[in-house]
Amino acid sequence: MRFRKDVKSARRETCSTLIFVGKNHLDPSPIRSVCFLFLHRWTDSFGFVEADGRALCVLCQETVIKRTYSVQRHFQTIHSKYFKDEAEKKAAILRAVVSYNSQRSAGEKTTAASAAAKEEKDYATETSFTLSLCISEKGKPFTEGEFIKNTFVACAETLFDDFPNKDEILTRIKDIPASARTMQRRISEMASDVRNQQTANLVNCDVFSVAMQDTVDGTDVRRLTVFVRYVAAGRIHEDLCYQKVAEKPMTGDDILNGFIQHFDQRGVNISKIASVMTDNSSCLADKPGGFVRLLQEKVKHVVISCPCIIRQEDLCTQISNGELKLVMDTVVKIVNLITSRPTNVHDKFQELLNEVERAHGELSPRSNVRWLGNGEVLDRFIANLEEIRHLFGEKWQTYPELWNDFWLLKLAFLADLVGHLNDLNSRLQGKGQTVEVLYEQWKLFTSKLGVFRRDIQIGAFRYFVHVRKFATAKGTPIDVQVLDGCMAALEQAFYERFQELQRLGSMFSFVVRADEFLDIDLNPLFLSWMGGDNLEMELLELKVSDLWCSKFRELRKSLENQEDKPEREAAILECWTSLPDKFANMKKVALALLTVFGSTNCAEQTMTYMKHSFNPLRCRLSTSNSETSARLKLTNYKPNLKKLCTEINSQGSH
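Remember, predicted model here, so these are calculated numbers, not experimental data.

Colleague: Provide a residue-level description of the overall build of the protein chain, including the pertinent values.
Modeller: The number of helices and strands found in the protein chain is 27 helices and 10 strands. Across the 654 residues of the protein chain, 49% fall into the buried class. A total accessible area of about 33000 Å² is found for the protein chain, and carbon and sulfur atoms account for 51% of it.

Colleague: Can you tell me about the confidence of the model for the protein chain, naming the residues and giving the values?
Modeller: Overall, the prediction assigns the protein chain a mean pLDDT of 78, with 77% of residues at 70 or greater. Ignoring residues within four places in sequence, the model shows residues 10–34, a span with pLDDT below 50, making 33 contacts including any to other chains. Note that pLDDT drops below 50 for residues 113–117; the model gives that stretch zero contacts with residues more than four away or on any other chain.

Colleague: Please set out the packing of aromatic side chains residue by residue, giving values where relevant.
Modeller: Geometry of an aromatic ring pair is reported as the spacing of the ring centres plus the angle between the planes. With the rule as written, the count across this model stands at 17 aromatic pairs. One aromatic cluster is present, built from ring pairs that chain together Phe208, Tyr242, Phe259, Phe263 and Phe291. Its guanidinium or amino end placed over the ring of Phe129, Arg186 lies 4.9 Å from that ring's centre, counting from NZ or CZ.

Colleague: Outline helix 15 (residues 405–427), listing residues and values.
Modeller: The first and last C-alpha atoms of helix 15 sit 34 Å apart over 23 residues, in line with the 33 Å expected at 1.5 Å per residue. Counting buried positions along helix 15 gives 17 out of 23 residues, so the element sits mostly inside the fold. The N-capping residue of helix 15, defined by a side-chain oxygen 2.9 Å from the backbone nitrogen of Phe406, is Asn404.

Colleague: Can you break down the pattern of salt bridges residue by residue, with the values?
Modeller: In total, this model carries 19 salt bridges according to the counting rule given. A salt bridge links Arg513 to Glu516; its shortest N-O distance comes to 3.1 Å. Classification of Arg513 as partly exposed rests on a relative accessible area of 36%. Across the salt bridge formed by Asp581 and Lys587, the nearest N and O atoms sit 3.9 Å from each other. Several salt bridges share partner residues, and in doing so they unite Arg513, Asp515, Glu516 and Arg556 into one network.

Colleague: I'd like to hear about the packing of helix 22 (residues 546–559) against helix 23 (residues 565–577), residue by residue, with values.
Modeller: At their nearest, the axes of helix 22 and helix 23 sit 10 Å apart, and the two run at 175° to each other. Relative to helix 23, the element helix 22 is oriented roughly antiparallel. Counted together, Lys551, Phe552, Leu555 and Leu559 of helix 22 and Arg568, Ala571, Ile572, Cys575 and Trp576 of helix 23 form the full contact between these two elements. Classifying every residue of the contact of helix 22 with helix 23 gives seven nonpolar, no polar and two charged.

Colleague: Account for the environment of Tyr123, with residues named and values stated.
Modeller: In this fold, Tyr123 is placed in helix 4 (residues 86–137). On the accessibility criterion, Tyr123 (38% relative accessible area) is partly exposed. When the C-alpha positions of Tyr123 and Lys642 are compared, they lie 9.8 Å apart, and in sequence the two are 519 residues distant.

Colleague: Run through unusual backbone geometry, naming residues and quoting values.
Modeller: Phi is positive for Ala233, close to 55°, though the residue is something other than glycine. For Ala233, a relative accessible area of 78% translates into the label exposed.

Colleague: Hey, could you go over the pairing of strand 8 (residues 235–246) for me, with residue numbers and the actual values?
Modeller: Judged by how many residues are buried, strand 8 sits mostly within the fold: nine of 12 residues are covered. By the bridge criterion, 11 bridges tie strand 7 (residues 222–232) to strand 8 in an arrangement that is antiparallel. Along strand 8, the bridge assignment pairs Arg229 with Glu238. Between the end of strand 7 and the start of strand 8, which pair antiparallel, lie two residues, with Ala233 showing a positive phi angle near 55°.

Colleague: Could you give an account of the nonpolar core, with specific residues and numbers?
Modeller: Grouped together as the largest cluster of nonpolar side chains are 100 residues, with contacts concentrated most on Phe381, Phe413, Phe510, Trp576 and Leu593. It is helix 15 that contributes the most residues to this core, 12 residues altogether. If we skip the residues at most four places from it in the chain, Phe510 touches Phe517, Leu539, Trp576, Met586, Val589, Ala590 and Leu593. Counting 48 residues, the second largest nonpolar core, distinct from the first, contains Cys283, Leu284, Val292 and Ile648.

Colleague: Give a description of the sheet that holds strand 4 (residues 54–57) that names residues and reports values.
Modeller: Pairing is antiparallel in the open sheet, where three strands are placed in the order 3-4-5. Either end of the sheet is taken by a strand with one partner, and the two such strands are strand 3 (48–51) and strand 5 (63–64). As judged from the two bridges shared by strand 4 and strand 5, these two strands associate in the antiparallel manner. Note that in strand 5 the partner of Ala55 across the bridge is Val64.

Colleague: I'd love a proper account of the packing of helix 16 (residues 435–457) against helix 18 (residues 480–497), names of residues and values included.
Modeller: Between two packed helices, the angle of one axis relative to the other and the distance separating the axes together describe the packing. Relative to each other, helix 16 and helix 18 sit at 165°, their axes nearing to 9 Å. As the angle between them shows, helix 16 and helix 18 are arranged roughly antiparallel. Relative to helix 18, helix 16 is oriented so that their crossing is left-handed. Residues Trp442, Phe445, Thr446, Leu449, Gly450, Phe452, Arg453, Ile456 and Gln457 of helix 16 form the contact with helix 18, whose participating residues are Val480, Leu483, Asp484, Met487, Ala488, Leu490, Glu491, Phe494 and Tyr495. For the contact of helix 16 with helix 18, a count of residues per class yields 12 nonpolar, three polar and three charged.

Colleague: Go over the environment of Gln184, please, and point to the residues and values.
Modeller: By the element assignment, Gln184 lies in helix 7 (residues 180–204). Here the alpha-carbon distance between Gln184 and Thr628, two residues 444 residues apart in the chain, equals 9.2 Å. Sequence-distant contacts of Gln184, defined by excluding residues within four places in its chain, comprise Phe142 and Asn625.

Colleague: Help me get a handle on the side chain of Asp193, residues and values and all.
Modeller: Mapping Asp193 onto the fold places it in helix 7. In this structure Asp193 is buried but unpaired, with Lys643 as the nearest side chain of opposite charge at 4.3 Å. With sequence-adjacent residues up to four places away left out, Asp193 is seen in contact with Lys638, Pro639, Asn640, Lys643 and Leu644.

Colleague: Any chance you could break down helix 19 (residues 499–508) for me, citing the residues and the numbers?
Modeller: Taken together, the buried positions of helix 19 are Glu500, Leu501, Leu504, Gly505, Met507 and Phe508. All buried residues of helix 19 fall inside an arc of 155° around its axis, so they share one side.

Definitions and limits used
- Residues numbered from 1 in each chain as written.
- Predicted model: local features only at pLDDT ≥ 70, side-chain atom pairs only at ≥ 80, totals over all residues.
- Heavy atoms only, no water.
- Helix = DSSP H or I, 4+ residues; strand = E, 2+ residues; numbered from the N terminus.
- Buried < 20%, exposed > 50% of the residue type's maximum accessible area, 1.4 Å probe, protein only.
- Areas by Shrake-Rupley, 256 points an atom, 1.4 Å probe, with all protein chains shown as cover.
- pLDDT = per-residue confidence, 0-100.
- Contact = heavy atoms within 4.5 Å.
- Phe/Tyr/Trp six-rings, centres within 6.5 Å; stacked < 30°, edge-to-face > 60°.
- Lys NZ or Arg CZ within 6 Å of the ring centre and 35° of its normal.
- Expected span 1.5 Å × (residues − 1).
- Polar contact = N/O pair within 3.5 Å; in protein donor to acceptor, adjacent residues only side chain to side chain.
- Salt bridge = Lys/Arg side-chain N within 4 Å of Asp/Glu carboxyl O.
- Axes fitted to C-alpha atoms, helices over the stretch in contact; angles between N-to-C directions.
- Parallel < 35°, antiparallel > 145°, perpendicular 65-115°, else oblique.
- Nonpolar A, V, L, I, M, F, W, Y, C, P; charged D, E, K, R; others polar.
- Pairing = 2+ DSSP bridges.
- Core = buried A, V, L, I, M, F, W, Y, C linked by side-chain atoms within 4.5 Å.
- Left-handed = near helix turned anticlockwise from the far one by under 90°.
- Lys, Arg positive; Asp, Glu negative; His and termini not counted.
- Arc of directions from axis to C-beta.

In structure tokens, the structure reads:
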């Protein structure tokens, strides 16, 4: 009878520990939940403590719901039979509670210490990532990580000498993992993260374009460099896509197979490609057996193809049966001979040597001569011609060309011509070069070629300074027919090489002049694969709307004084993205045209970076490591360092 009374009492007490949770005491809505309070007297009477929202028995470590009835029943059915009297029960419960509290306190300290240690290691790991990112972006060897760390430690001894936590600071610096192997791993992990970000955007974008260059780097390794340009997250991305190393020259089929394999592995549909910019090498060109022609057969639609406009050395090769190339080859030989014997060179050549030293990487006999980088070298060569004649006439092997008037005339003409090409080059350099600017610069230069030719025909030489000085010094008339023939050949080669630009050029103005655009300028072959059947109707609707026409007028006005190329393309993109979905076909065409590369300058920059950073005299990297380093250098993406830190096991310095 006593036990039944205790149970009834416990039930009444349990009811008193209930808390009904609603909006407020006047809230007529149904009760949403019920909470039980923990009563501290349960500890002394039954050996229970509160743990994780339940009642924990310190005697057996089992948990029950926080109710007096449940707590009392657990104790009386399992533990009460082991105690002779109340005093023995209280003593046993007290010992169990003390033991539980000590274990919990020790566990909390251990957890706090572990958390603090983990936090410190996370700081060290993230710093290691940041250090390796700096090394990659500056093109430094992986071994620089340990050197930078040791330098930091040495400087910190003085820099933080008056800090009360100096020892703690030094310990953190010393805990930074900075070995060469660690730098290699960190760079590889960040490159993978950047690649994953790029892949996600490529998969989701509507259209993309590529720029490709086949060349040999400073380590004598042949590489195919592929850049990709697309619109994602409200901006135009222009990043390194991949590099493929080949032991021998590649064919169009080799390049296409590697191209398809790469994008298939990343889950990117290559049929979304809009254009290909190439360096006009035979394996990439739009001709039978070339990559561009094979790619169009694969994707079954027209792909805009254009050779890079800033690489014109092959144009000069075609002029006058390649005689200008022979002139340049002779200049390179003489310059290399001068730089190979610096101790025997007169002080008068110092200015020439300084310029040669700066451009020496572009004069490497094992790679294509970068004519556009040698304009100043030719100028200095002509300025120091008399000294060069004196040096070669007295000491070293004789170059009879230095005294040949016809060769000197071609040298002067070549220096002036390369200077004009340099001017075109400077206008097309850098990221953010949109296709309408490419077309405008092409039209401008073709017009200049006509002016240059007339200038030569009348013998005024207003735009050929070196030729004019040569004619003045000689004092006799110059046979302008030779130079006129060179200009005619250059003009013809320029038109033949950029036939695709002539054919589609009028359509490129669509991105900034949609309100003035004519239907006849739309290329149906280019538009058919994009599903632009309703494009003409959308164009008519835009033209009759003052609101949307004013958008493009304001855009052109803002671009008049806009010199920064990335900001220029960002303004064009913002204008198009602001249009409503009823102009969906127009927007798709505009985005496709905005992805077209203005030049292969990005690929040229890649090779310049790799020739400088991966020179065999500076470091010896594998091809995969060199690509990961280049990927971090030549991208707008930032690796997610916090995410990477949580995915790896932090290690101390080694």
